[in-house]
Amino acid sequence: MIIGTIVDGLVIDHIPAGRGMELYHYLKLDRLQCEVAIIKNASSDKYGRKDIIKVGEVIDLDLDILGFIGPQITVNVIRDGEKVDKLHPELPETISDVIRCRNPRCITSVEQELPHKFKLTDRETVTYRCVYCDTKAPKQRFH
Amino acid sequence: MTKDLIDILDLSREEIDELVAKAGDIIDHPEDYRSKCAGKKLATLFYEPSTRTRLSFESAMYELGGNVIGFSSATDSSVSKGESVADTARTVECFADIIAMRHPKEGAPYVAAKNVQIPVVNAGDGGHNHPTQTLTDLLTISREKGRLDTMTIGCCGDLKFGRTVHSLIAAMSRYENVRFVLISPEELKIPENVRTEILEKGNITYEETDSLETAMPDLDVLYMTRVQRERFFNEADYLRLKDTYILTPDKLQYAKEDLSILHPLPRVNEISVEIDKDPRACYFKQVRNGKYIRMALMLKLLGGGLT
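(A) Expanded view of the overall build of chain A. Helix and strand counts for chain A stand at two helices and eight strands. For chain A, the α and β elements follow one another from N to C terminus as β-α-β-β-α-β-β-β-β-β. Along the longest, intermediate and shortest principal axes, the C-alpha atoms of chain A span 50 × 30 × 25 Å. A buried classification covers 50% of the 143 residues belonging to chain A. Of the contacts formed within chain A by residues at least 6 apart in sequence, a portion of 56% connects residues at least 24 apart. As displayed, chain A has an accessible area near 8,000 Å², and 46% of this comes from carbon and sulfur atoms.

(B) Just the pairing of strand 8 (residues 127–130) of chain A, in detail. Residue and element names in this part refer to chain A. Burial of strand 8 is two-sided: the residues Thr 127 and Arg 129 facing one way and the residues Tyr 128 and Cys 130 facing the other way are all buried. Pairing of strand 7 (residues 117–122) with strand 8 involves four bridges; the strand directions are antiparallel. The partner of Leu 120 across the bridge, within strand 8, is Tyr 128.

(C) Looking closely at the pairing of strand 5 (residues 151–156) of chain B. All names here are of chain B. Buried residues dominate strand 5, accounting for six of its six residues. Residues Met 151, Ile 153 and Cys 155 line one face of strand 5 and the alternating positions Thr 152, Gly 154 and Cys 156 line the opposite face, and both faces are buried. Two strands pair when backbone bridges link them, and strand 5 and strand 6 (residues 178–183) are joined in this way by six bridges, in the parallel orientation. By the bridge assignment, Thr 152 is partnered in strand 6 with Arg 179. Tracing the backbone out of strand 5, into helix 6 (residues 163–172) and back to the parallel element strand 6 gives a crossover that is right-handed.

(D) Broad picture of the nonpolar core. Counting residues in each nonpolar core, the largest one holds 57 residues, and the members touching the most others are Ile 12, Leu 23, Leu 61, Tyr 128 and Tyr 132 of chain A. Per-element tally for this core: the top contributor is helix 4 (residues 108–115) of chain B, with five residues. Leaving out residues up to four positions away in the same chain, Leu 61 of chain A has contacts with Leu 10, Ile 12, Leu 27, Leu 29, Leu 66 and Val 75 of chain A.

(E) Looking closely at the domain arrangement of chain B. Residue and element names in this part refer to chain B. What the domain assignment lists for chain B is domain 1 (8–129 + 288–302) and domain 2 (132–287). Between the C-alpha centres of domain 1 and domain 2 there is a distance of 25 Å. Contacts between domain 1 and domain 2 engage 32 residues on the former and 27 residues on the latter. Summing both sides of the interface, domain 1 and domain 2 together bury roughly 2,400 Å²; the carbon and sulfur share of this comes to 56%. Summed over the three residues of domain 1 that lose the most area to domain 2, namely Arg 13, Arg 52 and Asn 289, the buried surface amounts to 28% of that side. Linking domain 1 with domain 2 are one salt bridge. The closest approach of N and O atoms between Glu 176 and Arg 13, which form a salt bridge, is 2.9 Å. Our count for the contact surface shared by domain 1 and domain 2 stands at 15 residue pairs in polar contact (both at pLDDT 80 or more).

(F) How the structure looks around the packing of helix 5 (residues 131–145) of chain B against helix 6 of chain B. Residue and element names in this part refer to chain B. Their axes nearest at 9 Å, the elements helix 5 and helix 6 cross at an angle of 55°. The pairing of helix 5 with helix 6 is recorded here as oblique in orientation. Here helix 5 and helix 6 pass one another in a crossing that is right-handed. Across the interface between the two elements, Gln 133, Thr 134, Asp 137, Leu 138 and Ile 141 of helix 5 pack against Thr 164, Ser 167, Leu 168, Ala 171 and Met 172 of helix 6. Here the residues of the contact of helix 5 with helix 6 sort into five nonpolar, four polar and one charged.

(G) Main features of the packing of aromatic side chains. Per the stated rule, a full pass over the model turns up four aromatic pairs over all chains. Between the aromatic rings of Phe 68 of chain A and Tyr 128 of chain A, the centroid separation amounts to 5.0 Å while the plane-to-plane angle is 90°, which identifies the pairing as edge-to-face. With a gap of 60 residues between them, Phe 68 of chain A in helix 2 (residues 63–69) and Tyr 128 of chain A in strand 8 connect regions that are remote in the sequence. For the pair Phe 68 of chain A and Tyr 128 of chain A, one class covers both residues: buried. If you follow Arg 294 of chain B out to its NZ or CZ, it ends over the ring of Phe 57 of chain B, 5.0 Å from the centre.

(H) Geometry of the domain arrangement of chain A. All names here are of chain A. Segmenting chain A into domains produces domain 1 (9–87) and domain 2 (94–130). Measuring from the centre of the C-alpha atoms in domain 1 to the corresponding centre in domain 2 gives 25 Å. Counting residues at the interface gives four residues for domain 1, matched by five residues for domain 2. Interface of domain 1 and domain 2: buried area, both sides summed, is about 460 Å²; carbon and sulfur atoms make up 80% of it. Where domain 1 meets domain 2, there are zero salt bridges. Taken together, domain 1 and domain 2 are joined by zero residue pairs in polar contact (both at pLDDT 80 or more). No other element matches helix 2, which puts three residues into the side of domain 1 that touches domain 2.

Conventions used here
Residues numbered from 1 in each chain as written. Chains lettered and ligands numbered in written order. Predicted model: local features only at pLDDT ≥ 70, side-chain atom pairs only at ≥ 80, totals over all residues. Heavy atoms only, no water. Helix = DSSP H or I, 4+ residues; strand = E, 2+ residues; numbered from the N terminus. Buried < 20%, exposed > 50% of the residue type's maximum accessible area, 1.4 Å probe, protein only. Contact = heavy atoms within 4.5 Å. Areas by Shrake-Rupley, 256 points an atom, 1.4 Å probe, with all protein chains shown as cover. Pairing = 2+ DSSP bridges. Right-handed = clockwise from strand over helix to strand, strands pointing away. Core = buried A, V, L, I, M, F, W, Y, C linked by side-chain atoms within 4.5 Å. Domains from an automatic or database assignment. Buried area = accessible area lost by both parts, 1.4 Å probe. Salt bridge = Lys/Arg side-chain N within 4 Å of Asp/Glu carboxyl O. Polar contact = N/O pair within 3.5 Å; in protein donor to acceptor, adjacent residues only side chain to side chain. Axes fitted to C-alpha atoms, helices over the stretch in contact; angles between N-to-C directions. Parallel < 35°, antiparallel > 145°, perpendicular 65-115°, else oblique. Left-handed = near helix turned anticlockwise from the far one by under 90°. Nonpolar A, V, L, I, M, F, W, Y, C, P; charged D, E, K, R; others polar. Phe/Tyr/Trp six-rings, centres within 6.5 Å; stacked < 30°, edge-to-face > 60°. Lys NZ or Arg CZ within 6 Å of the ring centre and 35° of its normal.

Put into structure tokens, the structure is as follows:
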């Protein structure tokens, strides 16, 4: 299977196999007007299989979401057909509206317009807690 | 110091010590503080019923020479029309200098604080935080013991839903040589996050037991709690657990002579009324201390511009 080479754009690489579509939605790539290709089950020396997303424009990507979801994911920035940068997203201090607080006692359960915001409280165990009620975030990371 | 007090850990140990010292000075020299907040208004936004906390905040502001506005239940306010916490707080900011908010949902005072410039004090948000109760407990322990370090504190009853216990442990863990004995039935044991993120991470000595009698001889402070009906989704669980620990004179016979018995109140039946006469009972002194520490806190949060 051949997907055209990108001249200017992004290659989101090392996505765990089968999770590309989820990431597509998390990153709201459906809202883009440019070409976007999701490659599922590509062969990978490191992981066996992986997903890749190619975006046909250099867009402002939310690296915090990538850092939260999968520390192994990388982003190659392509300009004029050349890789000019390789980004390694880091664990963000806070994340907004990626996951939802499930505590029925949390204020977010009754006030729908509030952002669902979580803060990193333990880097070692990668624990995120709701900024409103301190409830532990559900695990959404790709491992 | 931050603009608001949402969580007891918003305060450093030094700031807590400063508030405790200030409250002590207010107790000793109340006349010096009678007009410190003249011209200031406290808004008490209480979305659920409370006797002690609301009256304590209000009397604290009156004793500082200020005034009070507010509501004491959600049905008395625009909340009943569906107004958001943020909009209510923004509206109240136009009328008041400081807000004390109690809300049944966890995080509501945080939302208010993020939407206004004036200080917001969390006066209890569901089963989550109640920092001014913790300050009250710390002032009481400090006045009864003459210190906040080097002691064994027994926490008894509902350690799972009892927010005052979680905050007390978080605050007292910052003092040296403090040891905890956690006394509860299996179903109401301290939550995993308090155990791992405060006690174990802080290398704090603690033990868990279901026997109040066994723990009693070691204790310098006994912090009793009520099994709270409003925290249970299941009435049957509440009824099964509510009478697990009742403190009676019998159980105190092995206690130290200088034990201090605290309770955040209201009590139902977990402390027998016979104990009220015992000099070791501190829970009504604790209520009085609550007013003084709230005076100290409001003075600090209102900062400059006071008379």
